[in-house]
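# A look at the structure
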Amino acid sequence: MSELFDSRSTRAAGVGSVGVLQPYPAYDVQSVRFRYRSRGSDATRWILEGISLRVQKGEVLGVVGPNGSGKTSLLKVLARVLTPQEGRVSLFGQNLASMTQQDVACVAGVVPQDTQQLFPFTVAETVIMGRFPHRPRGRWTGGFGWESHQDIAIAEQAMATMDIGHVAHRVVTDLSGGERQRVLIARALAQTPKVLLLDEPTAFLDLQHQVEICSLLRRLKETHGLTVVLVSHDLNLVGQYCDRILLLDNGQVVRHGYPEEVIEPDVLEAVYRCRVLVDRHPVSGLPRVTLPGRQLSGGT
Amino acid sequence: MGILAFTAMAVCVICLHFGAQPIAYGEILRVFIDAISRKEIDGGTSDVVDVILLQVRLPRILLGFLVGCSLASVGVALQALLRNPLADPYVLGVSSGAALGAAVGVLLGAGTTFLAETTLPVCGFAGGLLALVIVYRMAASYEQLPIHSLLLTGVILNAIFSALIMFITSILEPNRSYGMMAWLMGTLTAPTYGGLVGLAVYLSIGLVLLFVQMRALNVLALGEEVARTLGVDTERAKRSIFILAALVTGAVVSVSGMIGFIGMVVPHAVRLVTGADHRLLLPASALVGGTFLMGSDTIARTMISPAEIPVGIITALAGGPFFVYLLLWRKDRLA
């Protein structure tokens, strides 16, 4: 697997036509700095301090780091929800700042952290909102009316993929956390994106669904060439399922590379300020993180 | 939707029947056939029943329908935009902002000129927009303003605007200040057909532009960041919806004063039936809102007839308790 990505990453991002997507990386982030506009006391603090990063097409990138390291902000910058004050982000060679919000939404699907919903939308209604970016353009009535048969077929497909067809007509607020999470992923899939950006997608899921979602992301990468950027607290999950890992701390890149390059005890200790054990996963051979057990502090 | 439209028409006919002097349905039918065969609705007859029906009751009922439609639609849009099921132009202080604008207009003499029908809605629009901008700034300075804080903002705005309105009322001459008081309480008075058509055109432009946003409202109701990730230019969408809401509210308030709670009660009730999809919710709320206000106004006209009470009292008496019920017993749905 490593060889595959080596060959890709050596390709330079040229300045050719935008239509041909192949030579371009999915994301090319160049020294991006971002801070929230002055409100409150830490107005001067940069949330992202000069991040440069390249995400290749078809890569699954895991973004990890302690709380407040800028993981979620980076994801929002990639989705153009937040606009960086400095630096440049390119999506398949196109400058993100010059694209419309609708253009971005046709390419990048976002799975946000679960937030409480106030209005009683059903699962089907929520998922089909993923078709909103593909509404007709350029008319003053843009977005008016109902979805086409094609939209409905795509939404149904997304619901089938996420195994939520049986709750299609239930109200989202009545579902369990895990089901809601899968609804959000289905909505992003309904956008038929080339890039999927996920913020803590497994936070509310039980083991079965964690494994299912991660395998699904791998499968989508293989079948559709989908590029995935995944923000997570779970180092092991990221280590097992991501091609590459980006480790952030205080808005800066600490390490960016293959799991074995990032998940190293010394690196993690410096960032998380606590001692962890790293060994090999018995099946995949990829690095695995374990918290120091009680014996370590007591016995030895 | 067809059923709702039919209900609205049926209620309209029933409302024509009631009044200080009930008019039989056969009589109503005869007057309409007469009017159609004469090809004019205004004047051309000295028949008392004709005059009561066509020049007093019908325009007033139609006005009620327009006002109710508009208030309910604006309520739906504000609820989605502020992500708050209790939002309502009245509760948020938008109506009182618009009323203040109109009152300032009256104070400056706009109400006495023939320009009243055009300038007062503009004054109302300005006042309503001011109130909305303040409410939204408050809401936006937090990620999402908690529901109770948003209501509190509305309460404060209402208090400030009411104080200013009372100040203006108190410095007007007594006969004009009485008219202003009656208007502030929320009254529907029979307009001329010219004025009615003008208002209808004005409101339908606002409402059509609002209805075009129905699908965007669905996405906006999920939250602003989510809306952006689904390809909504949120700044633009917000701006246009706020301006439309202020425009419609301003016009409505300048003709009918402060009629409260329709924008909150109606969408709530309709949402229970249609679900949250704005493509059903918005038109259904508009029809139900119009029907509801026609009915309320008929009660206001007939309850102590021949005297009338302001219809704002009826809607507040119906809506206020509902509001309290939502706050107290449906906390789980709101917090």
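What counts and how
Residues numbered from 1 in each chain as written. Chains lettered and ligands numbered in written order. Predicted model: local features only at pLDDT ≥ 70, side-chain atom pairs only at ≥ 80, totals over all residues. Heavy atoms only, no water. Helix = DSSP H or I, 4+ residues; strand = E, 2+ residues; numbered from the N terminus. Buried < 20%, exposed > 50% of the residue type's maximum accessible area, 1.4 Å probe, protein only. Contact = heavy atoms within 4.5 Å. Areas by Shrake-Rupley, 256 points an atom, 1.4 Å probe, with all protein chains shown as cover. Domains from an automatic or database assignment. Buried area = accessible area lost by both parts, 1.4 Å probe. Salt bridge = Lys/Arg side-chain N within 4 Å of Asp/Glu carboxyl O. Polar contact = N/O pair within 3.5 Å; in protein donor to acceptor, adjacent residues only side chain to side chain. Phe/Tyr/Trp six-rings, centres within 6.5 Å; stacked < 30°, edge-to-face > 60°. Lys NZ or Arg CZ within 6 Å of the ring centre and 35° of its normal. Core = buried A, V, L, I, M, F, W, Y, C linked by side-chain atoms within 4.5 Å. Pairing = 2+ DSSP bridges. Axes fitted to C-alpha atoms, helices over the stretch in contact; angles between N-to-C directions. Nonpolar A, V, L, I, M, F, W, Y, C, P; charged D, E, K, R; others polar.

This next bit is on the overall build of chain A. Counting its regular elements, chain A contains 11 helices and 12 strands. Across the 300 residues in chain A, those meeting the buried criterion constitute 51%. Here the analysis covers contacts within chain A between residues at least 6 apart in sequence; of these, 66% occur between residues at least 24 apart. If you sum the accessible surface of chain A, you get close to 14,100 Å²; carbon and sulfur atoms cover 52% of it.

Residues and elements named next belong to chain A. Each domain of chain A was delimited in the assignment, giving domain 1 (1–6 + 24–92 + 194–265) and domain 2 (117–191). For domain 1 and domain 2, the distance between their C-alpha centroids amounts to 25 Å. Facing 10 residues of domain 1, the contacting portion of domain 2 comprises nine residues. Summing both sides of the interface, domain 1 and domain 2 together bury roughly 790 Å²; the carbon and sulfur share of this comes to 77%. Remark: the boundary between domain 1 and domain 2 carries zero salt bridges. In this assembly, domain 1 and domain 2 are joined by zero residue pairs in polar contact (both at pLDDT 80 or more). Elements represented by at least two residues in the side of domain 1 that touches domain 2 include exactly β7 (195–199) and α7 (207–224).

To continue, consider the packing of aromatic side chains. For the structure on display, the rule yields three aromatic pairs over all chains. With a centroid separation of 5.3 Å and an interplanar angle of 55°, the aromatic rings of Tyr90 of chain B and Phe261 of chain B are classed as tilted. Of the two residues, Tyr90 of chain B sits in the loop between α3 (48–81) and α4 (94–107) while Phe261 of chain B sits in the loop between α11 (234–256) and α12 (262–274), which places them 171 residues apart along the sequence. Connected via pairs of aromatic rings, a cluster forms that spans Tyr90, Phe261 and Phe323 of chain B. Over the ring of Trp46 of chain A we find Arg33 of chain A, and its NZ or CZ is 4.1 Å from the ring centre.

Our next topic: unusual backbone geometry. Residue and element names in this part refer to chain A. Its identity as a non-glycine residue notwithstanding, Ser31 has a phi of 35°, on the positive side. Along the chain, the position of Ser31 falls in strand β1 (residues 27–34). The class for Ser31 is partly exposed, based on a relative accessible area of 41%. Positive phi is not limited to glycine here, since Thr192 has a value of about 40°. Assignment of secondary structure puts Thr192 in the loop between α6 (177–190) and β7. On the accessibility criterion, Thr192 (38% relative accessible area) is partly exposed.

All chains considered together, the criterion is met by 19 salt bridges over all chains. With a closest N to O distance of 2.9 Å, Asp243 of chain A and Lys221 of chain A form a salt bridge. Pair noted here: Asp243 of chain A is in the loop between α8 (235–241) and β9 (244–249) and Lys221 of chain A is in helix α7, with a separation of 22 residues, a long-range link. Residue Lys221 of chain A is classed as buried on the basis of its relative accessible area, which comes to 9%. If you follow the salt bridges from partner to partner, you end up with Glu147 of chain A together with Arg215, Asp277 and Arg279 of chain B in one network.

Attention now moves to the nonpolar core. Soluble globular proteins: nonpolar side chains tend toward being buried together. Residues and elements named next belong to chain B. Counting residues in hydrophobic clusters, the biggest one holds 96 residues, and the most contacted among them are Leu53, Val67, Leu78, Leu82, Leu92 and Ile259. The leading source of residues in this core is α3, at 16 residues. When neighbours within four sequence positions are excluded, Leu92 is seen to be in contact with Leu78, Leu82, Ala87, Val135, Leu150, Gly154 and Leu157.

Residue and element names in this part refer to chain A. As summarised here, the arrangement of the four strands in space is β2-β1-β4-β5, forming an open sheet in which the pairing is antiparallel. On the outer flanks of this sheet lie β2 (48–55) and β5 (94–95), each paired with one strand and no other. Lying on the sheet, helix α2 (residues 71–78) is in contact with β1, β2 and β4 (86–91); it crosses β2 at an angle near 60°.

Residue and element names in this part refer to chain A. Read from one edge of the open sheet, six strands run β6-β7-β8-β3-β9-β10, paired in mixed fashion. Each of the sheet's edge strands pairs with one partner strand only, and the pair in question is β6 (108–111) and β10 (252–257). When strand polarity is set aside, the average angle formed by the axes of neighbouring strands in this sheet is 15°.

So, on to the interface of chain B and chain A. Many structure descriptions define interface size as the accessible area lost when the parts assemble. At the interface, 37 residues of chain B touch 36 residues of chain A. Linking chain B with chain A are three salt bridges, by the criterion used here. Linking Lys76 of chain A and Glu225 of chain B is a salt bridge whose minimum nitrogen-to-oxygen distance equals 3.0 Å. At the boundary of chain B and chain A, one finds seven residue pairs in polar contact (both at pLDDT 80 or more). At the level of elements, α3, α8 (193–212), α9 (214–220), α10 (224–229), α13 (278–302) and α15 (331–334) of chain B are the ones that each hand at least two residues to the side of chain B that touches chain A. Broken down by element, the side of chain B that touches chain A gets its largest block of residues, five residues, from α9 of chain B. In terms of residue class, the side of chain B that touches chain A is built from 20 nonpolar, eight polar and nine charged.

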